[in-house]
Amino acid sequence: MITIGLTNFSDHDELYGKKKPAERLQAYSETFKLVELDSSFYAIQPVKNYEKWVSQTPDDFGFVIKAYQGMTGHLREKKNYFDTPEEMFAAFHTSLAPVIEADKLTMTLFQYPPWFDCTRENVEKLRVTREFMKDVPCALEFRHQSWYSPQFQDKTLDFMRKEGWIQTVVDEPQAGSGSIPIIAHATSDEATYVRMHGRNVGGWHKSSDPNWRKLRYLYRYNTEELTEWRDILLDLDKQSKHVYVAFNNNSDKDATPNALELMELLGQPIPPGAPWPPQEISEEMPAGSKSEPQDEPQQEKLF
């Protein structure tokens, strides 16, 4: 089964018009049955927030909840408000409880930063993290190419299968070591996660720009690109019971029409009232360029 949604339900005016913020998730859920939440990345959310979001969505709705940045090494020198990893993970588990009880937790997403490369130390960090998460389904997304270099790709995938990580297949600009190629291999019989970041090569490394987020995800997939992804998803659907897809190219209202077009290409019904076909087609961004050759890590036993 292939389920398609978007990231951040509050970012898509085309789905709810002038509705108040409190009404947006309910309006969103009338079109899509999956959403990825990233507010949990910036702070572990209070239980009351999840209770509210669960109550605003239908029984067949699912949440992908992004792991707190302190759990994935994004804080670096910034303050972590938890004294120990045990305390931090316990707080995260507590916050997820309403979503789990409602049977609406599709998975959690552990997205690691571009500097998290394939080393023995980082492999051990992944083992410890997976132990902390117990039986909660966890998807793993890398941002450093070394995990999928020729000498480590098979070991990475085998490690994920053994440790119980769900593979996150990504479509993103091929812009050096801080981006990874499409690795369309499931590591879980139950689920695979797909994230569509767009292919805006020029904006991918603009982290110093005040508008870096808008630049990075400013891209609209064309029909040819989405058709290629339809075929990839159909293949992944043979590898996992569930394939979940989230469009993250939401800088300029491109995520919704791309998601709806992909649903149409897959032969899925477009919900009544959805903004499809779109009234206007914005000019497409150029396709992503190929990355420059990267130095490969030396062979060593990491896993």
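Only a predicted model underlies this, so the values are computations on that prediction, with no experimental measurement involved.

## A few points about the environment of Val 243
Point 1. Mapped onto the fold, Val 243 is located in strand 8 (residues 242-247).
Point 2. According to the relative accessible area criterion, Val 243 is buried, its value standing at 0%.
Point 3. Residues Val 243 and Val 194 lie 49 residues apart in sequence; the distance between their C-alpha atoms is 7.4 Å.

## Re unusual backbone geometry
Point 1. Residue Trp 276 is joined to Pro 277 through a cis peptide bond whose omega torsion reads -5°.
Point 2. Tracing the sequence through the fold places Pro 277 in the segment after helix 11 (255-265).
Point 3. Positive phi, close to 60°, is recorded for Asn 8, a residue that is not glycine.
Point 4. As for its placement among the helices and strands, Asn 8 is situated in the loop between strand 1 (2-7) and helix 1 (13-16).

## Points about the sheet that holds strand 2 (residues 34-37)
Point 1. In space, the 8 strands of this closed barrel follow the order 1-2-3-4-5-6-7-8, with parallel pairing throughout. For this sheet, the mean inter-axis angle between neighbouring strands, taken without regard to orientation, is 30°.
Point 2. Here strand 5 (residues 138-141) pairs with strand 6 (residues 165-171) via 3 bridges, running parallel. The residue bridging Ala 139 from the neighbouring strand is Ile 166, located in strand 6.

## A few points about helix 7 (residues 153-163)
Point 1. Looking at helix 7, one finds that the buried residues are Gln 153, Thr 156, Leu 157, Phe 159 and Met 160. End-on view of helix 7: buried residues confined to an arc of 160°, all on one side of the axis. Every exposed residue of helix 7 that faces more than 90 degrees away from the buried side is listed here: Asp 154 and Lys 162.
Point 2. The secondary structure elements touched by the buried residues of helix 7 are helix 6 (120-132), strand 5 and strand 6.
Point 3. Looking one or two residues past helix 7, Gly 164 carries a phi angle of roughly 85°, positive in sign.

## Regarding the environment of Glu 23
Point 1. On the secondary structure map, Glu 23 appears in helix 2 (residues 21-28).
Point 2. Here Glu 23 falls in the partly exposed class, since its relative accessible area comes to 38%.
Point 3. Here the alpha-carbon distance between Glu 23 and Ser 10, two residues 13 residues apart in the chain, equals 9.7 Å.

## Observations regarding the environment of Met 133
Point 1. Here Met 133 lies in the loop between helix 6 and strand 5.
Point 2. Between the alpha carbons of Met 133 and Phe 89 there is a distance of 7.4 Å; along the sequence they are 44 residues apart.
Point 3. Among all residues touching Met 133, those that are not within four sequence positions of it are Met 71, Phe 89, Phe 92, His 93, Thr 108, Phe 110 and Cys 138.

What counts, and where the lines are drawn
Residues numbered from 1 in each chain as written. Predicted model: local features only at pLDDT ≥ 70, side-chain atom pairs only at ≥ 80, totals over all residues. Heavy atoms only, no water. Helix = DSSP H or I, 4+ residues; strand = E, 2+ residues; numbered from the N terminus. Buried < 20%, exposed > 50% of the residue type's maximum accessible area, 1.4 Å probe, protein only. Pairing = 2+ DSSP bridges. Axes fitted to C-alpha atoms, helices over the stretch in contact; angles between N-to-C directions. Arc of directions from axis to C-beta. Contact = heavy atoms within 4.5 Å.

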